[in-house]
Amino acid sequence: IAREIGARGPAHGIDPDKIAKSVGTYANTPLAVVVVSSPKPSDKVPVIEQTLSAGAVCLALVNGCEAAGWGANWLSGWFTHDPAFREQVFGLADHETIAGIIHIGTPGALPPDRPRPDIAALTTWVTA
């Protein structure tokens, strides 16, 4: 994947530093699992539920890896939104999207915490 990211970035006008960061991420990842959302027509399961279930797979995979002692990170990137990249590199159909790419390996260090939203300011509780 790293080679294809490096080749396609300039054609899309992506900043060279951003390309290098993405290439480095994939060049140094021992295992990356691509989770694909591939909704199918269904009278029972709406497309939105099929799409959200792909995201649930990503989270379950990250949690399972970490519970087993592996390091895992759920990433995507500019190239996952490029239809030509998805088709040429992963063989995806037009209706398929990448829900996430889970990077799995031996954890090196704890990642630094990042700013989090104020959940209380975003949550409204309604009682009946």
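Here the structure is a predicted model, which means the values were calculated and not measured. (Residues numbered from 1 in each chain as written. Predicted model: local features only at pLDDT ≥ 70, side-chain atom pairs only at ≥ 80, totals over all residues. Heavy atoms only, no water.)

## Things to note about the overall build of the protein
Applicable threshold: Note on conventions: DSSP H or I runs of at least 4 residues are helices, E runs of at least 2 residues are strands, and numbering of each starts at the N terminus. To get the radius of gyration, use the C-alpha atoms; to get the globule rule, take the number of residues to the power 0.38 and multiply by 2.2 Å. In this scheme, a residue with accessible area under 20% of its type's maximum is buried, one over 50% is exposed, and one in between is partly exposed, where area comes from a 1.4 Å probe on protein chains only. In this analysis, two residues are considered to be in contact whenever any of their non-hydrogen atoms come within 4.5 Å of each other. The charged-residue count follows a simple rule in which Lys and Arg add positive charge and Asp and Glu add negative charge, with His and chain termini not counted at all. Lysine's charge is taken at NZ, arginine's at CZ, aspartate's at CG and glutamate's at CD.
On a plain count of helices and strands, the protein comes out with five helices and three strands. The C-alpha atoms of the protein give a radius of gyration of 17 Å, which is well past the 14 Å a tight globule of 128 residues would have. Seen through its C-alpha atoms, the protein measures out along the principal axes to roughly 55 × 40 × 30 Å. In the protein, which comprises 128 residues, the share counted as buried stands at 28%. Considering only contacts in the protein between residues 6 or more positions apart, those separated by 24 or more positions represent 69%. Positive and negative side-chain charges of the protein, numbering 9 and 12 respectively, have mean locations separated by a distance of 2 Å.

## What about the pattern of salt bridges?
The following threshold applies: Each reported salt bridge corresponds to a side-chain nitrogen of Lys or Arg within 4 Å of a carboxyl oxygen of Asp or Glu.
A complete count under the given rule lists two salt bridges for this structure. Ionic pairing is found between aspartate 82 and arginine 8, a salt bridge with its closest N-O pair at 2.9 Å. One end of the pair, aspartate 82, is in the loop between β2 (71-75) and α4 (83-90); the other, arginine 8, is in helix α1 (residues 2-8), and 74 residues separate them in sequence. Side by side, aspartate 82 and arginine 8 carry an identical accessibility label, which is buried. Notably, a salt bridge pairs arginine 116 with aspartate 113, separated by 3.2 Å at the nearest N-O pair. Under the relative-accessibility criterion, arginine 116 is labelled exposed at 55%. Looking at aspartate 113, the relative accessible area reads 64%, which means it is exposed.

## Notes on the environment of lysine 21
Mapping lysine 21 onto the fold places it in helix α2 (residues 16-27). Remark: the alpha-carbon pair of lysine 21 and alanine 2, spanning 19 residues in sequence, is separated by 10.0 Å.

That's the geometry; what it means functionally is another story.
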